[in-house]
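Listed here are the chains, written in short residue letters.
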Amino acid sequence: MKLKIPPALVFLSFVILMYLLDLWLPVGEFDFFGRKWMIYALTGIAVLVSLVALLQFSRAGTTIDPRDPGKSKVLVTTGIYNYTRNPMYLALLLLLLAWGLYLGNAFNTLLAALFVAYMNRFQIIPEEESLEKEFGQVYRTYCMAVRRWF
């Protein structure tokens, strides 16, 4: 699998799209009590989830480069990977949701949903196919036990 667009660039593209949508769409603005704290909570959870996931990959001695899952030496299935198969992508989604809350435009949730759809189709499914080839039944069993996102 050769991914043409790295996930970090996809994420940044959606950040920019959300900003532009907020800038140009005159409807959908919102505010509510606790919005600021929700932004902090989502950002904090995103940072924590990504750090834990990266630490687990580092300890296992496997690659964090999502563009070539064939380089994976070890299938990490413990820790945070007991709850989500894609904690790093989940962290990006949480950051997008926090950004959408910061911008205060309800239509940004649609872009966050498009991010999930894009990542599923063009990143996660090809990764899963590659990992299934690499780890076989062990990976299939893991996929049945743990959800893709959360």
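Before any of the text, the structure's been laid out above.
Quick notes on the rules
- Residues numbered from 1 in each chain as written.
- Predicted model: local features only at pLDDT ≥ 70, side-chain atom pairs only at ≥ 80, totals over all residues.
- Heavy atoms only, no water.
- Axes fitted to C-alpha atoms, helices over the stretch in contact; angles between N-to-C directions.
- Helix = DSSP H or I, 4+ residues; strand = E, 2+ residues; numbered from the N terminus.
- Parallel < 35°, antiparallel > 145°, perpendicular 65-115°, else oblique.
- Left-handed = near helix turned anticlockwise from the far one by under 90°.
- Contact = heavy atoms within 4.5 Å.
- Nonpolar A, V, L, I, M, F, W, Y, C, P; charged D, E, K, R; others polar.
- Salt bridge = Lys/Arg side-chain N within 4 Å of Asp/Glu carboxyl O.
- Buried < 20%, exposed > 50% of the residue type's maximum accessible area, 1.4 Å probe, protein only.
- Phe/Tyr/Trp six-rings, centres within 6.5 Å; stacked < 30°, edge-to-face > 60°.
- Lys NZ or Arg CZ within 6 Å of the ring centre and 35° of its normal.

Asker: Any chance you could break down the packing of helix α1 (residues 7-24) against helix α4 (residues 108-135) for me, citing the residues and the numbers?
Answerer: A pair of packed helices can be characterised by two numbers: the angle between their axes and the separation between those axes. Contact geometry for α1 and α4: axes closest at 10 Å, N-to-C directions at 160°. Viewed along their axes, α1 and α4 adopt a mutual orientation that is roughly antiparallel. Between α1 and α4 lies a crossing whose hand is right-handed. When α1 is examined against α4, the residues P7, V10, F11, F14, L17, M18, L21 and D22 are found in contact with a partner set consisting of N108, L111, L114, F115, Y118, M119 and Q123. Within the contact of α1 with α4, the residues separate by chemical class into 12 nonpolar, 2 polar and 1 charged.

Asker: I'd like a description of the pattern of salt bridges, backed by residues and values.
Answerer: Evaluation of the coordinates by the stated rule reveals 4 salt bridges. Note that E128 is salt-bridged to R85, the shortest N-O span being 2.6 Å. Taken together, the positions of E128 in helix α4 and R85 in the loop between α2 (35-60) and α3 (87-103) put the pair 43 residues apart, joining distant regions of the chain. Judged by relative accessible area, which is 13%, R85 ranks as buried. The partner of E132 in a salt bridge is R140, with the nearest N and O atoms 3.1 Å apart. Judged by its relative accessible area of 34%, R140 falls in the partly exposed class. In the salt-bridge network here, residues are joined through shared partners; they are R85, E128 and R148.

Asker: How would you summarise the packing of aromatic side chains if you had to cite specific residues and measurements?
Answerer: Applying the stated rule across the entire model yields 7 aromatic pairs. Consider the rings of F30 and F32, whose centres lie 5.9 Å apart with planes at 10°: the pair is stacked. Of the residues examined, F32 reaches a relative accessible area of 35% and is grouped as partly exposed. Residues Y139 and Y142 carry aromatic rings whose centres are separated by 6.2 Å and whose planes lie at 50° to one another, so their mutual orientation is tilted. Taken together, the positions of Y139 and Y142, both in helix α5 (residues 137-145) and 3 residues apart, correspond to about one turn of that helix. For the pair formed by Y139 and Y142, the shared burial category is buried. The cationic tip of R121 hangs over the ring face of F122; the distance from NZ or CZ to the ring centre is 4.9 Å.

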